[in-house]
Amino acid sequence: MNVVLIGYRGCGKTTVGRLLAERNYLPFIDTDELIVHQAGKSIAEIFATGGEPAFRKLEETAIKLATKSKGRIISVGGGAVESKANRSALRKYGTVVWLQADAESLWKRISSDKKSVDQRPNLAAGGLEEVRQVLEKRSPVYADLAHVAITTTDRHPSAIVEDIEAWLDSQ
Ligand code: ADP
Ligand code: MG
């Protein structure tokens, strides 16, 4: 099995995933990083040339590749769950952990994260209102797919990692 981290952009999938992997001596794969590596282009460039459909196609390939092996910590993009093929692969090959945060915290993190703003400018354009709307639409999808939901609001990444470890140990 793999441990798959899902959730809205800025919820901490990459940060928490990397830490969880380090602490447990497991390989870590971030599908956004895998896409950039395989395409030889930044996410902003992929969006600029082929739009969101081009990115989603590459993401499906990356998720298939990432879930091929076992014993990995995998973090995926916030919108990956919109694809049925991705949902099936993630659920079939992973224990799925949803990192939750409220819209205000997410917006604060996204807008102050230079990497995030540079890489995905078009996705940060709608501000807090967009985060609220998309989060509302996507939350049932995250909830449905996840085996467990872990709250990240006002919590340090290392405390979140401990929560995930405790939950995994209890299984
Ligand atoms: P994701 O991969 O889900 O988009 P990241 O791990 O890239 O999220 O985190 C987005 C931003 O939020 C980064 O600047 C990161 O340092 C910050 N961040 C991540 N987790 C937390 C947390 N628990 N509390 C506060 N800030 C966080
Ligand atoms: Mg990430």
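Residue indices follow the written sequence of each chain, beginning from 1 at its first position. Labels follow written order: the first chain is A, the first ligand is 1, and so on. Local features are withheld for residues below a pLDDT of 70 in this predicted model, meaning they are given only at 70 or higher, and side-chain atom pairs are given and counted only at 80 or more; totals for whole chains, interfaces and linings count all residues. The basis for every side-chain value is the complete set of heavy atoms in the structure, and neither hydrogens nor water enter the calculation.

## Overview of the pairing of strand β1 (residues 2-6)
Only protein chains enter the accessibility calculation, which uses a 1.4 Å probe. A residue is then buried if its area is under 20% of the maximum for its type, exposed if over 50%, and partly exposed in between. The numbering of helices and of strands both runs from the N terminus, where a helix is a DSSP run of H or I of at least 4 residues and a strand a run of E of at least 2. Most of β1 is tucked away, with 5 of its 5 residues classed as buried. Here β1 shows a buried face lined by Asn2, Val4 and Ile6 and a second buried face lined by Val3 and Leu5. We call two strands paired when DSSP finds no fewer than two bridges between them. Here 5 bridges tie β1 to strand β4 (residues 94-100), and the two strands are oriented parallel to one another. In the sheet register, Leu5 faces β4, and the bridge partner there is Val97. The sheet contact formed by β1 and strand β3 (residues 73-75) spans 3 bridges and is parallel. From the neighbouring strand, Val4 faces β3, where its bridge partner is Ile74.

## Describing the environment of Ala146
If you trace the backbone, Ala146 turns up in the loop between α7 (127-145) and β5 (148-151). In this structure, the C-alpha to C-alpha distance between Ala146 and Ile63, residues 83 residues apart in sequence, is 16 Å. Contact between two residues is taken to exist if any of their heavy atoms lie within 4.5 Å; hydrogens are not considered. What Ala146 contacts, discounting residues up to four positions off in sequence, is Ile6, Arg91, Val96 and Trp98.

## A word on the nonpolar core
As used here, the term nonpolar core means buried Ala, Val, Leu, Ile, Met, Phe, Trp, Tyr and Cys residues forming a set that is joined through side-chain atoms within 4.5 Å. Core analysis: the biggest nonpolar cluster contains 45 residues, and Ile6, Val76, Val97, Leu99 and Ile164 have the highest contact counts within it. Here this core takes 7 residues from helix α3 (residues 43-66), the largest share from any one element. If near-sequence neighbours (up to four positions away) are discounted, Leu99 is found in contact with Leu5, Ile6, Gly7, Cys11, Gly12, Lys13, Val16, Ile150, Thr152, Ile160 and Ile164.

## Side note on the site of ligand 1
Think of it this way: one heavy atom of a residue within 4 Å of a molecule or strand is enough to make that residue near it. The local shell around ligand 1 holds 14 residues, among which Gly10, Lys13, Thr14, Thr15 and Arg155 are the closest. A distance of 3.0 Å separates an oxygen atom of ligand 1 from a polar backbone atom of Gly12. Thr14 is positioned with one of its side-chain polar atoms (N or O) 2.8 Å from an oxygen atom of ligand 1. Considered on its own, ligand 1 offers 560 Å² of accessible surface; in the complex 71% of this is hidden by protein. The set of elements that each furnish at least two residues to the shell around ligand 1 consists of α1 (13-23) and α8 (157-169). If you tally residues by element for the shell around ligand 1, the top one is α1, at 3 residues. As a working rule, the residues Ala, Val, Leu, Ile, Met, Phe, Trp, Tyr, Cys and Pro are called nonpolar, Asp, Glu, Lys and Arg charged, and the rest polar, with Gly in that last group. Residues that form the shell around ligand 1 fall into these classes: 4 nonpolar, 5 polar and 5 charged. Here a polar contact is taken to be a pair of N or O atoms separated by no more than 3.5 Å, where protein atoms must pair a possible hydrogen donor with a possible acceptor and residues adjacent in sequence count only if both atoms sit in side chains. With residues, only the protein chains shown are counted as cover, and all accessible areas are computed by Shrake-Rupley using a 1.4 Å probe.

## So, the side chain of Ser75
With respect to the helices and strands, Ser75 occurs in strand β3. Ser75 sits in the buried class, given a relative accessible area of 0%. For Ser75, the side chain forms a polar contact with the side chain of Asp30, separated by 2.6 Å. With near-sequence residues (within four places) excluded, Ser75 lies in contact with Leu5, Lys13, Thr14, Phe28, Ile29, Asp30 and Thr31.

## Comments concerning the packing of α3 against helix α4 (residues 84-93)
For helices, the fitted line uses only the C-alpha atoms of the stretch in contact; every axis is such a line through C-alpha atoms, and the angle between N-to-C directions lies from 0 to 180 degrees. Running from amino to carboxyl end, α3 crosses α4 at an angle of 15°, the nearest separation of the two axes being 10 Å. Judged on the interaxial angle alone, α4 and α3 are roughly parallel. Of the two possible hands of crossing, α3 and α4 adopt the one that is left-handed. Along the contact surface, α3 presents Glu59, Glu60 and Ile63, while α4 presents Ala85, Asn86, Ala89 and Leu90. Along the lines of polarity and charge, the residues of the contact of α3 with α4 split into 4 nonpolar, 1 polar and 2 charged. Here is the rule for angles: anything less than 35 degrees is roughly parallel, anything more than 145 is roughly antiparallel, 65 through 115 is roughly perpendicular, and the remaining ranges are oblique. Working rule for handedness: look at the near helix, and if it is turned counterclockwise from the far one by less than a right angle, call the crossing left-handed; if clockwise, right-handed.

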